[in-house]
Amino acid sequence: MKHKVIKKQQNSKKCLVCGLKNDLGLKTSFYELENGELVAIFTPIEEHQSYPERMHGGIAGAILDETIGRAIMIKDKNIWGVTVELNVKYKKPVPLHEELRVVGRITRDSSRLFEGTGEILLSNGEVAVTAIGKYMKMPIEKIANFDEADQEWQTVWSDQDPSEIEL
Ligand SMILES: CC(C)(COP(=O)(O)OP(=O)(O)OC[C@H]1O[C@@H](n2cnc3c(N)ncnc32)[C@H](O)[C@@H]1OP(=O)(O)O)[C@@H](O)C(=O)NCCC(=O)NCCS
Ligand SMILES: CCCCCCCCCCCC(=O)O
């Protein structure tokens, strides 16, 4: 089923997952959908492997962690969280060099904590990796010295941005 994209989220400079100036990073794009889910799109490269041609399990955890952690921003772009728990299940190997979609959503939201689930989808739609994450809400000033301009926290548009995403 196709879902309309309603917003593209910000990228950053050096984050492993979303930093556009991290040469070894995933350079992920994040899209908010009208159904309330967040989709991450990225293409793993050789530097993201464990065994040859297979994406590293830690990278799978990293992309799921950030996709679920960012899904809370659909509700309020000013809510930031730090991961306190992440449970990852590996069901199928994830190949390199193929564009992947990762879906995340919030399943519980309280004043101090939020929880969510996510999946890495293969290009044929099969679910390769799933995760459940729990995050503690914190003001950004308490997490890091985060200057948005310095960290290039901004929406970066591309010709490749989809207006709809098939899930
Ligand atoms: C999350 C963190 C700030 C909590 O630190 P803290 O406030 O000193 O920890 P506390 O043990 O006092 O816990 C604070 C509250 O959160 C709750 N909490 C902590 N971890 C929790 C978890 N995994 N699940 C549910 N509740 C949890 C505690 O029960 C406590 O509640 P209470 O005040 O009602 O007793 C700290 O553990 C931390 O910085 N962890 C690292 C996070 C991180 O770097 N993640 C990866 C990158 S984002
Ligand atoms: C500039 C970095 C932006 C990060 C966006 C929020 C992601 C929240 C998830 C936390 C991920 C982690 O560090 O484990």
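Residues numbered from 1 in each chain as written. Chains lettered and ligands numbered in written order. Predicted model: local features only at pLDDT ≥ 70, side-chain atom pairs only at ≥ 80, totals over all residues. Heavy atoms only, no water.

Draft legend 1. Focus on the packing of aromatic side chains. The tally for this structure, following the rule as stated, stands at 4 aromatic pairs. An angle of 5° between the planes, with centres 4.9 Å apart, marks the rings of Phe114 and Tyr135 as stacked. Of this pair, Phe114 sits in strand β6 (residues 113–121) while Tyr135 sits in strand β7 (residues 127–137), and the two are 21 residues apart along the sequence. According to the relative accessible area criterion, Phe114 is buried, its value standing at 1%. The class for Tyr135 is buried, based on a relative accessible area of 2%. Ring pairing ties together the aromatic residues Trp80, Phe146 and Trp153, which thus form one cluster. (Phe/Tyr/Trp six-rings, centres within 6.5 Å; stacked < 30°, edge-to-face > 60°. Helix = DSSP H or I, 4+ residues; strand = E, 2+ residues; numbered from the N terminus. Buried < 20%, exposed > 50% of the residue type's maximum accessible area, 1.4 Å probe, protein only.)

Draft legend 2. Geometry of the pairing of strand β2 (residues 29–33). For β2, a buried count of 5 out of 5 residues is recorded, marking the element as mostly surrounded by other parts of the structure. Burial along β2 is two-sided: Ser29, Tyr31 and Leu33 facing one way and Phe30 and Glu32 facing the other are all buried. Pairing analysis gives 3 bridges linking strand β1 (residues 2–8) to β2, with the strands arranged antiparallel. Bridging across to β2, Lys8 finds its partner in Tyr31. Strand direction decides the pairing type here: β2 and strand β3 (residues 38–42), joined by 4 bridges, are antiparallel. Bridging across to β3, Tyr31 finds its partner in Val39. The antiparallel hairpin formed by β2 and β3 contains 4 residues in its connecting segment, where Gly36 sits at a positive phi of about 90°. (Pairing = 2+ DSSP bridges.)

Draft legend 3. Region of the structure containing the layout of surface pockets. By volume, the largest pocket is sized at about 550 Å³. Around the largest pocket sit 22 residues that line it, and Cys15, Glu66, Trp80, Gly81 and Ile143 are the ones nearest its centre. At the level of secondary structure, the elements contributing two or more residues to the lining of the largest pocket comprise α1 (57–71), β4 (81–90) and α2 (140–143). The element contributing the most residues to the lining of the largest pocket is α1, with 5 residues. Its residues assigned to classes, the lining of the largest pocket shows 13 nonpolar, 5 polar and 4 charged. Lining of the second largest pocket is provided by 19 residues; of these, Ser29, Tyr31, Ile41, Glu99 and Gln160 occupy positions nearest its centre. Counting only elements with at least two residues in the lining of the second largest pocket, the list comes to β2, β3 and β8 (164–166). When grouped by side-chain class, the residues that make up the lining of the second largest pocket number 7 nonpolar, 5 polar and 7 charged. (1 Å grid on protein atoms, 1.4 Å probe; cavity = no way out; pocket = protein on both sides within 12 Å on 5 of 7 lines; lining within 4 Å. Points joined across faces, edges and corners; volume = space filled by probe spheres on them. Nonpolar A, V, L, I, M, F, W, Y, C, P; charged D, E, K, R; others polar.)

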